[in-house]
2 protein chains.
Amino acid sequence: MRQSQLFTKTRKSAPKDEIAKNAQLLIRAGYIHKEMAGVYSYLPLGLRVINNIMSVIREEMNAIGGQEITLTALQNPAPWKKTDRWRDDAIDVWFKTALKGGGELGLATTHEEPLSALMTEYIHSYKDLPRYVYQFQTKFRNELRAKSGILRSREFIMKDLYSFSRNEAEFKEFYEKCAGAYKKIFDRVGIGESTFRTFSSGGTFSRFSDEFQTICDAGEDTIYVNHEKGIAVNKEVYSDEVLAELGMKKEELTEAKAIEVGNIFPLGTRFSDALGLTYKDDKGVATPVVMGSYGIGPGRVMGTIVEVLSDEKGIVWPKEIAPFQAHIISISGGNKDVIAEADNLYNLLRDHGIETLYDDRDVRAGEKFADSDLIGIPTRLVVSEKTLAEGGVEVISRKTGGTTLVSESAIIETLIEK
Amino acid sequence: MRQSQLFTKTRKSAPKDEIAKNAQLLIRAGYIHKEMAGVYSYLPLGLRVINNIMSVIREEMNAIGGQEITLTALQNPAPWKKTDRWRDDAIDVWFKTALKGGGELGLATTHEEPLSALMTEYIHSYKDLPRYVYQFQTKFRNELRAKSGILRSREFIMKDLYSFSRNEAEFKEFYEKCAGAYKKIFDRVGIGESTFRTFSSGGTFSRFSDEFQTICDAGEDTIYVNHEKGIAVNKEVYSDEVLAELGMKKEELTEAKAIEVGNIFPLGTRFSDALGLTYKDDKGVATPVVMGSYGIGPGRVMGTIVEVLSDEKGIVWPKEIAPFQAHIISISGGNKDVIAEADNLYNLLRDHGIETLYDDRDVRAGEKFADSDLIGIPTRLVVSEKTLAEGGVEVISRKTGGTTLVSESAIIETLIEK
């Protein structure tokens, strides 16, 4: 895309009330727009990034047998009353609204109830199990405070998968498979090294669950990390008893602040009991379905990547989720040969399917470089009178700053390698 | 996908309170699930169809210079108060809710206000125009009645594009370009022949607008069609005066019921005036931006296709939006050669990137055929002892019922041609 056509522009500063680093950078670079506290729109660059993150998650969920659906935000109170979660003190972040003709509705914060109710229409026999169903869907949470940018919003997309299994063993097998998929996801989006499977509280559903926590000072959680084993324990459940159970020793653990980028937890038969989700086993006996829940917020992942990987100049996107792979900067000073060469390069990259932002704007070189640093596309390609004279294109890595001169004939190969 | 793994199943009947043909068929075939009146979830098959419809729309919007974003559902009242549309009698389908800490919020029914407010940050000079911005976003409309299935829902995805132009002439040029794109979209999704650009009321924004109306008895609108010219007039504005203005004669027009599948309308400076969206022209004079609005509801398009193209056996999807291109039906009766042949065929199609539903279930042939008719995938491929003996695969068109025996070596070519 030609940057002269992109409707967003970089900004010198974020709104004064925006105190989160992730939102400050994303707003300044034109990725998101703040509608109000905790409510952000995604602009063209931001939508590209979150779509890339969702593509990675989708691939890994499909690979473990997930079937994608989209449930609704508007919630009929009936199934929530059956599980006793319609009460505002059971779920303390409900947004409630009402039908014009009368009747209270809620905006979904999560989807165990409607999906369990839906599955009663399709699960009857042990032959109908196991099933794994997921969605990318907008959740609404009426947070009292929302000061963490896109790490904790009042409206956000969530990938939530729910597993439906015949028994504990079948559930547990999938649970571990999904933990493996989560590891792949966090590796692919570029935060694998700082993300740890973390033994955590199971809340009201079970004694324990597993969170995926990314070490970051902006995090709300405190975890104790065993770097050698690559696992951690959440402070919530950190006790001598738990450590003994996990075979961990205090002296092997390092305390760190962390962001919960994903979680997986057993639901047992809490929802299937309340909503009548049973199947007939091979002897014809009605048996409650064993469920699990598996969440990742793509927006929170995006915010975490900004918090963890940005530098003093701006954002540094990992390759797989960057809005574009290459950023062509044309420093022409009106020189037609330079413009022609940059145009050629842009067309060449497009012909090879390499997604490219082309800074063809009539602004100073310094401004282009500063904007490019802020936007954070992995590879910058500079075309100028100087590079033309040297017979190549200057290739700069946003991450390392490393610069090389590459001949145009070798540029595609260089970009594919990167 | 193997049908034995698909979690949905066909149903003999739709819920009793579901009176719309589109929702009845889509529920019975497992495309959608009714959460409550006017609120439908999309199941795996349905999500594939609506994603295909959105892909077609996206391609055509990008082709005319559209830049994709995602705005939020939660609405800050401020910009809506400036345009005097926060009142429930100005927009009579608001869902309202409230922040926990106090403060009323709305759920967006449309997005002129937040987008115009957002664009004030990016449009300053005539050099920043024109701009075309669109989204696929969930709208909420508190309809008093919701009896038309997915033709009129309380929660639905809308593609809404907004144009920002320097003046009327620039606006009008894009308006016609977008009308052309809409024609392409309705052609591609399979309802082009029965869809007419229809001269209509402009509501509160302008004297006139253009709707795209698909002839269908389930429609809520009445239009007068000139089949020769391929255009129509909505009954709302049907008068001798308007006909004279359009150069149309009563005797050339046929009355028909129709569904509004898209609309495009001029907004003038109604929103830019109220929200201060101005640009400096080339003489430095602050000038209000001229806006237009362009909507298509992918769910409504999907429902319309079902209403218009289905037959007594079920749904008939046009190729470009079908959930799968091919439906393999294996009639093995336990014969291992037939199973192996069907498996081979499935793998062959997958290797060629042809999206295929493979009915590998252990159920009667009659049930498989009835389900296949109901689901409506364009091409059915039957593998049985009979076809094996005949040295081929039976290829059946869902639309025409036409049957041919095709050798396995020619099957890919046949499918690509179709």
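Our subject is the structure that appears above.
Conventions adopted
Residues numbered from 1 in each chain as written. Chains lettered and ligands numbered in written order. Predicted model: local features only at pLDDT ≥ 70, side-chain atom pairs only at ≥ 80, totals over all residues. Helix = DSSP H or I, 4+ residues; strand = E, 2+ residues; numbered from the N terminus. Buried ≥ 20, exposed ≤ 12 C-beta atoms within 10 Å, placed from the backbone. Contact = placed C-beta atoms within 7 Å. Expected span 1.5 Å × (residues − 1). Pairing = 2+ DSSP bridges. Axes fitted to C-alpha atoms, helices over the stretch in contact; angles between N-to-C directions. Nonpolar A, V, L, I, M, F, W, Y, C, P; charged D, E, K, R; others polar. Least-squares fit on C-alpha atoms with pLDDT ≥ 70 in both.

## A look at the overall build of chain A
Within chain A one finds twelve helices and 21 strands. Each of the three principal axes of chain A carries a C-alpha extent, and together these read 80 × 60 × 45 Å. When each of the 418 residues of chain A is scored for burial, the buried share is 49%. Partitioning the intrachain contacts of chain A with sequence separation of at least 6 by distance along the chain shows that 68% fall at a separation of at least 24.

## Observations concerning helix H2 (residues 44–63) of chain B
Residue and element names in this part refer to chain B. Between the first and last C-alpha of H2 there are 29 Å, a value that for 20 residues agrees with the 28 Å anticipated at 1.5 Å per step. Residues of H2 that are buried include every one of Leu 45, Gly 46, Arg 48, Val 49, Ile 50, Asn 52, Ile 53, Val 56, Ile 57, Glu 60 and Met 61, and no others. Phi for Gly 65, located one or two positions after H2, is positive at around 90°.

## Looking at the sheet that holds strand S20 (residues 393–397) of chain A
Residue and element names in this part refer to chain A. The mixed open sheet is built from five strands, whose spatial order is S18-S17-S19-S20-S21. Where the open sheet ends on each side, the last strands, each with one partner, are strand S18 (356–359) and strand S21 (403–406). Sheet twist, expressed as the average angle between the axes of neighbouring strands with direction ignored, equals 25°. In this sheet, S18 lies alongside strand S17 (residues 326–331) in parallel orientation, the contact comprising four bridges. Looking across to S18, one finds that Ile 329 is bridged to Asp 359.

## Brief notes about the environment of Val 233 of chain B
All names here are of chain B. Mapped onto the elements of the fold, Val 233 is located in strand S12 (residues 231–234). For the pair Val 233 and Ala 169, spaced 64 residues apart in sequence, the C-alpha separation works out to 24 Å. Beyond its immediate stretch of four places on either side in the chain, Val 233 contacts Thr 198, Phe 199, Ile 223, Tyr 224, Tyr 238, Val 242, Leu 246 and Met 248.

## Examining the interface of chain B and chain A
Listed by partner, the interface residues are 38 residues for chain B and 38 residues for chain A. In terms of residue class, the side of chain B that touches chain A is built from 19 nonpolar, eleven polar and eight charged.

## Here's the deal with the environment of Leu 161 of chain A
All names here are of chain A. Looking at the element boundaries, Leu 161 is found in strand S8 (residues 155–165). Sequence separation between Leu 161 and Gln 67 is 94 residues; the distance between their C-alpha atoms is 9.0 Å. In this structure, Leu 161 is in contact with Met 61, Gly 66, Tyr 132, Val 133, Tyr 134 and Tyr 294, ignoring residues within four places of it in sequence.

## A closer look at the relation of the copies chain B and chain A
In screw terms, the move from chain B to chain A is a rotation of 180° and a rise of 0.0 Å along the axis, fitting with an RMSD of 0.0 Å. What the rotation and shift describe, once combined, is the action of a two-fold rotation axis. For chain B, the residue whose C-alpha comes nearest the rotation axis is Thr 97 of chain B, separated from it by 2.6 Å. Residue by residue, 100% of the interface of chain B is reproduced at the interface of chain A, so both copies engage with the same surface.

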